[in-house]
Amino acid sequence: MLKGKEIVLGVTGGIAAYKAVELLRLLTKAGANVHVIMTRSAEEFVTPLTFQTLSMNPVSTSLFNLISEREIGHISLADRADLFIIAPATANFVGKIAGGIADDMLTTTVMATKAPVLIAPAMNVNMYTNPSYKENEARLKERGYQFVEPAKGLLACGWEGEGKLQEPQVIFEEVVAALTPKDLAGESFLVTAGPTREEIDPVRFVSNHSSGKMGYAMARAARRRGAAVVLVTGPTCLAAPWGVETVAVESAREMLEVVLAKAGASTIIIKAAAVADYRPQQRAVEKIKKTDAPLVLELVKNPDILGELGKFKGERLLVGFAAETGSLLENAAKKLTEKNLDMVVANDISQEGAGFNVDTNIVKLLFRDGSLEELPLMGKDELADVILDRVAALRQRLAASR
Ligand code: PMT
């Protein structure tokens, strides 16, 4: 995702500096080459050795260290970087940059770069709301610096309020978004994900193995590419994607209700959810007691959400998924036509590394014009971007034909 990207991670002196270690791990795992610059105060909280070991690059700590300047060079780092992320950023750092003060390796390199700079502040709530800090922040925003706003919560100083460094996963998400071209800006996505649960009684339900990973990857990718995204999700263990309006539902009928309410405002709908086709005809009010006799459950058909959407599709793009264990192409093509789709993502879930509850998928893309594209095994995040590339091309073709 960040392969080939040169990122400078600036760490200033605050208790949240330990979170920068996790952020570094996320950035390197995504393929970025990360150069860490620490201020003198940051070294009081975390050692340069930790960052050096994890980044596999020398860590810059001083402007006046001849070896470090020869090996790294603040101007060369400033020129080479695709992006700067300062996390945590203290009030002192924000004030210095706003005032044009460059008195250490980090401030000097930040002032010298033309790359986008993201600042993730962390400080006491009273410092964060102090008019001096707010003025400095506003000044930097005006000049194009981007901020990852801090979270509210219990702060290290004992106060409760705004000023807590955002979670590393959120900062990582903002870094990826800042480096992603906004080719889907102006689009409104409605994405569904996860399984549905159809209750048998207060403790049991009918469901399937969907983890939500595919649908969440679609929602994250669309948001990174500039779209407004609503995610309607069945029960999963995943954290709600940052910057995405997430609505949690349980059953197919609940999903239908939310999807129909949200569909009107959407321009592109992607249905990655594994909706239960059937539900128990009756939900027992009390827990069903075990007896020696066999238990027969009568199941009735659930509404076909995608089928309903297909009826009033209009100019919207409709993308469905098909999870099959046999006759993949025939079954997927049938869904494409019957549900009035523009594209269907067909996964043969009998293949290893494809379908439910894994981080990868193997799919074939079928289009309304009869064309077919076979994709190799790839991560669900990467696949989400490929699907969105095709969606963007379909949108362009549609716009050109109007
Ligand atoms: O969540 P993961 O663990 O990451 O797994 C990903 C996935 C396997 C769930 C995903 O890649 C996938 O294939 N999702 C669709 C699964 C499915 O229910 O396929 P289907 O062939 O039964 O349904 C076809 C399409 O109709 C789907 O877009 C489905 O959302 C939709 N549908 C189905 C039934 C129904 N009652 N209403 C629907 O809208």
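Up top you'll find the structure we're talking about.
Each chain carries its own residue numbering, running from 1 in the written order of its sequence. Whole-chain, interface and lining totals are the exception, using all residues; otherwise, since this is a predicted model, local features are given only for residues with pLDDT of at least 70 and side-chain atom pairs are given and counted only at 80 or more. Here the side-chain values reflect all heavy atoms present in the structure, with hydrogen atoms and water set aside.

Colleague: Can you walk me through the overall build of the chain in this structure?
Modeller: Strands here mean DSSP runs of E at least two residues long; helices mean DSSP runs of H or I at least four residues long; both are numbered from the N terminus. A tally of helices and strands in the chain yields 14 helices and 21 strands. Taken along the three principal axes of its C-alpha coordinates, the chain extends 80 × 55 × 40 Å. Here the chain holds 402 residues, and 51% of them are scored as buried. Contacts were defined at the residue level, with two residues in contact if any of their heavy atoms lie within 4.5 Å. Across the chain, every contact between residues at least 6 apart in sequence was considered, and the portion connecting residues at least 24 apart equals 65%. About 19300 Å² of surface is accessible on the chain, with carbon and sulfur atoms providing 53% of the total. Distance between charge centroids for the chain: 2 Å, based on 46 positive and 49 negative side chains. Throughout, exposure labels follow a simple rule: accessible area from a 1.4 Å probe, protein chains only, divided by the maximum for the residue type, with under 20% read as buried, over 50% as exposed, and the rest as partly exposed. Using a 1.4 Å probe, accessible areas were evaluated by the Shrake-Rupley method; residue-level cover was limited to the displayed protein chains. Residues scored as positive are Lys and Arg, those scored as negative are Asp and Glu, and His as well as the terminal groups of each chain are ignored. Lysine's charge is taken at NZ, arginine's at CZ, aspartate's at CG and glutamate's at CD.

Colleague: It is not clear to me how the sheet that holds strand β19 (residues 363–367) should be interpreted in this structure. Could you clarify?
Modeller: The strands making up a sheet associate through backbone hydrogen bonding, with each pair oriented either parallel or antiparallel. With mixed pairing, eight strands are arranged side by side in an open sheet as β12-β11-β8-β13-β16-β17-β19-β20. Strands with a single pairing partner mark the edges of an open sheet, and in this sheet they are β12 (245–248) and β20 (372–374). Strand after strand, the sheet turns through a mean of 15° between neighbouring axes, direction not considered. Inspection of the sheet shows strand β17 (residues 343–348) paired to β19 by five bridges, in the antiparallel sense. Paired with methionine 343 across the bridge in β19 is phenylalanine 367. A strand pair is defined by DSSP finding two or more bridges across the two strands. Axes here mean lines fitted to C-alpha atoms, for a helix over just the part in contact, with angles spanning 0 to 180 degrees between N-to-C directions.

Colleague: I'm lost on unusual backbone geometry in this one. Help?
Modeller: What is expected of a backbone is that most residues other than glycine have negative phi and most peptide bonds are trans. Each neighbour pair has its own omega, and for alanine 87 with proline 88 the value is -5°, a cis peptide bond. Of note, proline 88 is situated in strand β3 (residues 83–89). Despite not being glycine, methionine 56 shows a phi value in the positive range, around 60°. Even without a glycine there, the phi angle at serine 327 is positive, about 45°. Summarising the element assignment, serine 327 is placed in the loop between β16 (317–324) and α13 (328–338).

Colleague: Explain the packing of helix α9 (residues 168–178) against helix α10 (residues 213–224) here, please?
Modeller: Describing two packed helices takes the angle between their axes plus the distance from one axis to the other. Look at α9 against α10: their axes get within 9 Å of each other, and the N-to-C directions meet at 55°. Taken together, the axes of α9 and α10 lie oblique to each other. Residues Glu173, Glu174, Val176 and Ala177 of α9 touch α10, and the partners they reach there are Arg220, Arg223 and Arg224. Class assignment of the residues belonging to the contact of α9 with α10 gives a composition of two nonpolar, no polar and five charged. Any angle that falls under 35 degrees is termed roughly parallel, while one over 145 is termed roughly antiparallel, one within 65 to 115 roughly perpendicular, and all others oblique. Residues are grouped as follows: nonpolar covers Ala, Val, Leu, Ile, Met, Phe, Trp, Tyr, Cys and Pro; charged covers Asp, Glu, Lys and Arg; every other residue, Gly included, is treated as polar.

Colleague: Any chance you could explain the pairing of β19 here in plain terms?
Modeller: The side chains of a regular strand alternate, first on one face of the sheet and then on the other. Within β19, four of the five residues are buried, which leaves it mostly tucked inside the rest of the structure. As paired elements, β19 and β20 share three bridges and run antiparallel to each other. From the neighbouring strand, leucine 366 faces β20, where its bridge partner is leucine 372. Linking two consecutive strands that pair antiparallel, namely β19 and β20, is a turn of four residues; a positive phi of about 95° is found at glycine 370 within it.

Colleague: Got a minute to help me understand the nonpolar core in this structure?
Modeller: Side chains of nonpolar character tend, in soluble globular proteins, to be buried together. Residue types Ala, Val, Leu, Ile, Met, Phe, Trp, Tyr and Cys, when buried and joined through side-chain atoms within 4.5 Å, form a set referred to as a nonpolar core. Of all hydrophobic cores here, the largest spans 36 residues; its most connected members are Phe189, Ile270 and Ile387. Among the elements of the structure, β8 (188–193), α10, β11 (228–233), β13 (268–271), β16, β17, β19 and α14 (380–401) are those that each provide at least two residues to this core. For this core, the leading source of residues is α14, giving eight residues. The contacts of isoleucine 270, once residues within four sequence positions are left out, are Phe189, Leu190, Val191, Thr192, Met218, Val319, Phe321 and Leu388. Judged by nonpolar contacts, the second largest core, of 35 residues, contains Leu23, Ala30, Val148 and Phe172.

Shape descriptors only; they carry no functional weight alone.
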